Amino acid sequence: MKKILFLLLISLNSFAQTFTAETGYLYLGEKDTEMNGGMEIKSGIIKKNDKIDIYAPSGRKFTATITKISGKGNQEVSQIKAGEYGYFDLKFTENPSTGKDYVNKGFKVYPAGFQANTTAMKAETDAKLAASVNFKTTLDGKPFRGKTTYKGASLWRKGIKNYINKPYLQLQFGCVDSPDTRTLTVQVFNPKESTASYTAKDMEVNFSGTVDGNSANTTIFGFVNGKTTPNFTLEITKWQTSGNKAIISGKIYGELPEVKILGRSTKVNRFENGIFENIEVEIFNDQADLKEMMKAAGGGGLLKN
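Residues numbered from 1 in each chain as written. Predicted model: local features only at pLDDT ≥ 70, side-chain atom pairs only at ≥ 80, totals over all residues. Heavy atoms only, no water.

So, about the overall build of the protein chain. Across its full length, the protein chain carries three helices and 18 strands. A buried classification covers 38% of the 305 residues belonging to the protein chain. Long-range pairs, those at least 24 residues apart, make up 62% of the contacts in the protein chain with a sequence separation of at least 6. Carbon together with sulfur atoms contributes 51% to the accessible area of the protein chain, which is approximately 17200 Å² in total. (Helix = DSSP H or I, 4+ residues; strand = E, 2+ residues; numbered from the N terminus. Buried < 20%, exposed > 50% of the residue type's maximum accessible area, 1.4 Å probe, protein only. Contact = heavy atoms within 4.5 Å. Areas by Shrake-Rupley, 256 points an atom, 1.4 Å probe, with all protein chains shown as cover.)

As structure tokens, this is what we get:
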């Protein structure tokens, strides 16, 4: 009887310690194995000194100990329960900022040792990623997948004050496959709000970023309108306007030369069979200022003289 009671108490204690959470923004501490930031408790109770496992969408696991918890008013507390958001100091068993799937916002949190279904996590992540893709191309013989960045598709019917004083269309696609950070920004001047084909004389293009996630290896390919005339084409094969939105589809193909600050380069990026489908373009009827344009561009850089 005592043995049964002992096992029951262990079981109840384990149940009481069960919790799930999701990370908010986390920041590195003084040491490379320390982080602090927010977590939302989805179920159960998380306590100070609890050991937790944080899972990246890829299935990679990070183990940490909670050394401090702050609740409302930044007051230190001993625990946070389901439905609440707390601020946590964490001590990891390894540097959590390394690799392409380093600790970030939106990661799942479980008690240390919990057998998470990492296969299902990865499958769910891959499915969401595939569903978000709206631009595909073959880049130098390899597949490249992208999606429109935040406010990355916009039409400015009267241009940008003190910048581009003519109608202006921008399409911007960021690579979805980590660690690749390359972003393709296409800017068309005096665009037709209908199906049309545009060549280098009608636009500017910037394709910049890094394949391996190392900023030291950043490259820039593209051209400035009127400065070069590479064989690069944008085709709009569908344009449907409704109010201040348009739904468009099209093709992108051709070559982009590498841009060098000093000297010349013979390198090119070759885009083949580039297709984008059902992109929602936000339409601005009034002339905007440069700050508003940059916000809509998602911070994307442009090639200038």
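Moving on, we come to the pattern of salt bridges. Opposite charge on two side chains allows them to pair when their charged atoms are near. Counted under the stated rule, the structure contains 15 salt bridges. Here Glu258 makes a salt bridge to Lys260, at a shortest N to O gap of 3.8 Å. Residue classification places Glu258 among the buried positions, given a relative accessible area of 11%. Each of Arg60, Glu94 and Asp101 takes part in a single network of salt bridges with overlapping partners. (Salt bridge = Lys/Arg side-chain N within 4 Å of Asp/Glu carboxyl O.)

What follows is about the packing of aromatic side chains. Counting across every chain of the model gives eleven aromatic pairs. Ring plane angle 75° and centroid distance 5.2 Å describe the contact between Phe207 and Phe271, whose orientation is recorded as edge-to-face. Of this pair, Phe207 sits in strand β14 (residues 203–209) while Phe271 sits in strand β18 (residues 268–284), and the two are 64 residues apart along the sequence. You can call Phe271 buried: its relative accessible area is 2%. The structure contains a cluster of three or more aromatic residues connected by ring pairs, namely Phe135, Phe144, Phe173, Phe207, Phe223, Phe232, Phe271 and Phe276. (Phe/Tyr/Trp six-rings, centres within 6.5 Å; stacked < 30°, edge-to-face > 60°.)

Before going further, it helps to spend a moment on the pairing of strand β12 (residues 183–189). Along β12, six of the seven residues are buried, which leaves the element largely enclosed by surrounding structure. Where strand β11 (residues 168–175) meets β12, seven bridges bridge the pair, whose relative direction is antiparallel. Bridge assignment links Gln172 to a residue of β12, and that residue is Thr185. Pairing between β12 and β14: six bridges, direction antiparallel. Paired with Gln187 across the bridge in β14 is Glu204. (Pairing = 2+ DSSP bridges.)

Nonpolar side chains in soluble globular proteins tend to end up buried together. Membership of the largest hydrophobic core comes to 33 residues, with the highest contact counts inside it found for Leu184, Met203, Leu234, Ile248, Ile252, Leu256 and Phe276. The residues contacting Phe276, other than those within four sequence positions of it, are Asn134, Phe135, Leu171, Phe173, Leu234, Glu235, Ile236, Ile248, Ser249, Gly250, Lys251 and Ile252. Judged by nonpolar contacts, the second largest core, of 21 residues, contains Phe19, Phe62, Ile66 and Phe88. (Core = buried A, V, L, I, M, F, W, Y, C linked by side-chain atoms within 4.5 Å.)

For the rest of this paragraph, the subject is unusual backbone geometry. Residues other than glycine predominantly adopt negative phi, and peptide bonds predominantly adopt the trans conformation. Pro179 follows Ser178 through a cis peptide bond whose omega is 10°. Among the secondary structure elements, Pro179 is positioned in the loop between β11 and β12. Even without being a glycine, Asn74 presents a positive backbone phi close to 60°. Looking at the element boundaries, Asn74 is found in the loop between β4 (61–70) and β5 (76–77).

So, on to the side chain of Asp53. Looking at the element boundaries, Asp53 is found in strand β3 (residues 51–55). Overall, Asp53 belongs to the buried group, its relative accessible area being 1%. Here Gly113 takes part through its backbone nitrogen, which lies 2.8 Å from a polar atom of the side chain of Asp53. Residues contacting Asp53, with those up to four places away along its chain left out, are Lys61, Phe62, Thr63, Lys108, Val109, Tyr110, Pro111, Ala112, Gly113 and Phe114. (Polar contact = N/O pair within 3.5 Å; in protein donor to acceptor, adjacent residues only side chain to side chain.)

The subject of this paragraph is a nonpolar patch on the surface. Together, Tyr25, Tyr27 and Tyr87 make up an exposed nonpolar region whose accessible area comes to about 350 Å². Relative to the helices and strands, Tyr25 resides in strand β1 (residues 19–28). (Patch = residues over 30% accessible without salt bridge, like charges linked within 9 Å, V, L, I, M, F, W, Y side chains within 5 Å.)

Further remarks concern the environment of Ser78. When you line up the elements, Ser78 lands in the loop between β5 and β6 (79–81). On the basis of relative accessible area, Ser78 is assigned to the exposed category, the value being 51%. Sequence spacing of Ser78 and Lys48 is 30 residues, and the spatial spacing of their C-alpha atoms is 5.4 Å. Filtering out sequence-adjacent residues up to four positions away, Ser78 remains in contact with Ile46, Lys47, Lys48 and Ile69.

Moving on, we get to the environment of Ile45. With respect to the secondary-structure elements, Ile45 resides in strand β2 (residues 34–47). Those residues in contact with Ile45 that sit more than four places away from it in its chain are Thr18, Phe19, Asp50, Gln79, Ile80 and Lys81.

The subject of this paragraph is the environment of Gln187. Considering the arrangement of structural elements, one finds Gln187 in strand β12. The class for Gln187 is buried, based on a relative accessible area of 3%. Between the C-alpha atom of Gln187 and that of Glu204, which follows or precedes it by 17 residues, the distance is 5.2 Å. Within the local environment of Gln187, its side chain forms a polar contact with the side chain of Gln170, the two groups lying 3.2 Å apart.

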